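# Summary of the model geometry
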Amino acid sequence: MAFTIAIDGPAASGKGTIAKRVAAHYGFGHLDTGLLYRAVGRRMLDGAEPIAAARALEAADLGDAAALRSAEAGQAASKVAAIPEVRAALLDFQRAFARRSGGAVLDGRDIGTVICPDAEAKIFVTASAEVRAERRFRELVAGGAETRFEDVLQDIRDRDERDMGRADAPLRPADDATEIDTSRLDIETAVAAAIAAVEAARGG
Ligand code: CDP
Ligand code: CDP
């Protein structure tokens, strides 16, 4: 039986970690939809035309996910993500994944509003920009990147503004989403809150 859990939120709010853990809890598949936009952004940086790159994207192109995690790929992703034809080209793949038998968790920006407006459970994850920048900064430094906290915070603010301000599928909570502010929550507590929200949706 198909059961879709939509998890949205801004950069480094913790949605990916929560999505992965919720998917493992239920034995569902997990799709990090940000990787699709990052892969198209990466190709644009390499000289490709973004709409053609989005149309040609194959799931196998997401294999080298670590290389797609850079701040540069993230910025490029948020630029190509504002192009309606790019979003349209990535729609069918995401919807097919969402309805796969056995259940699915998708995380991104517009899963609850555009990709899966009928998802059985919707969660919107937030945290202050400073907390999110601190988390992303630690992650990048642990990965060996040389970066400054101020630059990471600026990157997050730029992407927030672009993602919330675009005309097509802007970042916003669905009316029926449960909001979880992870600013003061550790991962265990945040995951437990997400599972409680899914259980409430399953029960009701
Ligand atoms: O997917 P998204 O960009 O929203 O964030 P993430 O990759 O899940 O989390 C970003 C970083 O914050 C990771 O290093 C997580 O371990 C950390 N995190 C945290 O410290 N506390 C939380 N409640 C959630 C995530
Ligand atoms: O992990 P983080 O939250 O930093 O970024 P991501 O989820 O990998 O997304 C990278 C960029 O792709 C975002 O800043 C958005 O512009 C775009 N994106 C989107 O528009 N719609 C989605 N469903 C997922 C990502």
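Residues numbered from 1 in each chain as written. Chains lettered and ligands numbered in written order. Predicted model: local features only at pLDDT ≥ 70, side-chain atom pairs only at ≥ 80, totals over all residues. Heavy atoms only, no water.

### Description of the overall build of the chain
Counting its regular elements, the chain contains 10 helices and 5 strands. Relative to the globule expectation of 17 Å for 204 residues, the C-alpha radius of gyration of the chain, 16 Å, shows essentially globular dimensions. For the chain, the spread of C-alpha atoms along the principal axes amounts to about 50 × 35 × 30 Å. A buried classification covers 48% of the 204 residues belonging to the chain. Considering only contacts in the chain between residues 6 or more positions apart, those separated by 24 or more positions represent 78%. (Helix = DSSP H or I, 4+ residues; strand = E, 2+ residues; numbered from the N terminus. Rg over C-alpha atoms; globule rule 2.2 N^0.38 Å. Buried < 20%, exposed > 50% of the residue type's maximum accessible area, 1.4 Å probe, protein only. Contact = heavy atoms within 4.5 Å.)

### Describing the site of ligand 1
If you check the shell around ligand 1, you find 14 residues, and the closest are Lys15, Gly16, Thr17, Arg136 and Glu139. The contact in question runs from an oxygen atom of ligand 1 to an N or O atom on the backbone of Ala12, over 2.9 Å. Lys15 places a side-chain nitrogen or oxygen 2.8 Å from an oxygen atom of ligand 1. Here ligand 1 loses 78% of its free accessible area of 540 Å² to cover by the protein chains. When contributions to the shell around ligand 1 are tallied by element, the ones reaching two or more residues are helix H1 (15-26) and helix H8 (129-142). A per-class count over the shell around ligand 1 returns 4 nonpolar, 5 polar and 5 charged. (Near = heavy atom within 4 Å. Polar contact = N/O pair within 3.5 Å; in protein donor to acceptor, adjacent residues only side chain to side chain. Areas by Shrake-Rupley, 256 points an atom, 1.4 Å probe, with all protein chains shown as cover. Nonpolar A, V, L, I, M, F, W, Y, C, P; charged D, E, K, R; others polar.)

### Quick look at the packing of helix H2 (residues 34-45) against helix H5 (residues 71-80)
As a packed pair, H2 and H5 sit with axes 7 Å apart at the nearest point and diverge in direction by 100 degrees. When the axes of H2 and H5 are compared, the pair comes out roughly perpendicular. Residue-level inspection shows Tyr37, Arg38, Val40, Gly41, Arg42, Met44 and Leu45 of H2 in contact with H5, the latter providing Glu72, Ala73, Gly74, Ala76, Ala77 and Val80. Looking at the contact of H2 with H5 residue by residue, the classes come out as 8 nonpolar, 2 polar and 3 charged. (Axes fitted to C-alpha atoms, helices over the stretch in contact; angles between N-to-C directions. Parallel < 35°, antiparallel > 145°, perpendicular 65-115°, else oblique.)

### Describing unusual backbone geometry
A positive phi angle, close to 60 degrees, is found at Ala12, a residue other than glycine. Relative to the assigned elements, Ala12 resides in the loop between strand E1 (4-8) and H1. Since its relative accessible area comes to 11%, Ala12 is described here as buried. Positive phi is not limited to glycine here, since Ala169 has a value of about 55 degrees. Tracing the chain through its elements places Ala169 in the loop between helix H9 (149-165) and strand E5 (178-181).

### Focus on H5
Among the 10 residues that make up H5, 7 are buried, leaving the element largely enclosed by the rest of the structure. Among the residues of H5, those classed as buried are Ala73, Gly74, Gln75, Ala76, Ala77, Ser78 and Val80. Structurally, H5 contributes buried residues whose contacts are with H2, helix H3 (50-56), helix H4 (65-68), helix H6 (84-98) and H9.

### Re the UniProt feature "domain: Cytidylate kinase" (unreviewed entry) in the chain
The sites that UniProt annotates as "domain: Cytidylate kinase" (unreviewed entry) are residues 5-198. Along residues 5-198, the helical share is 56% and the strand share 12%, with 8 Å between the first and last C-alpha atoms. (UniProt positions renumbered as here; feature names shortened; annotations may be inferred.)

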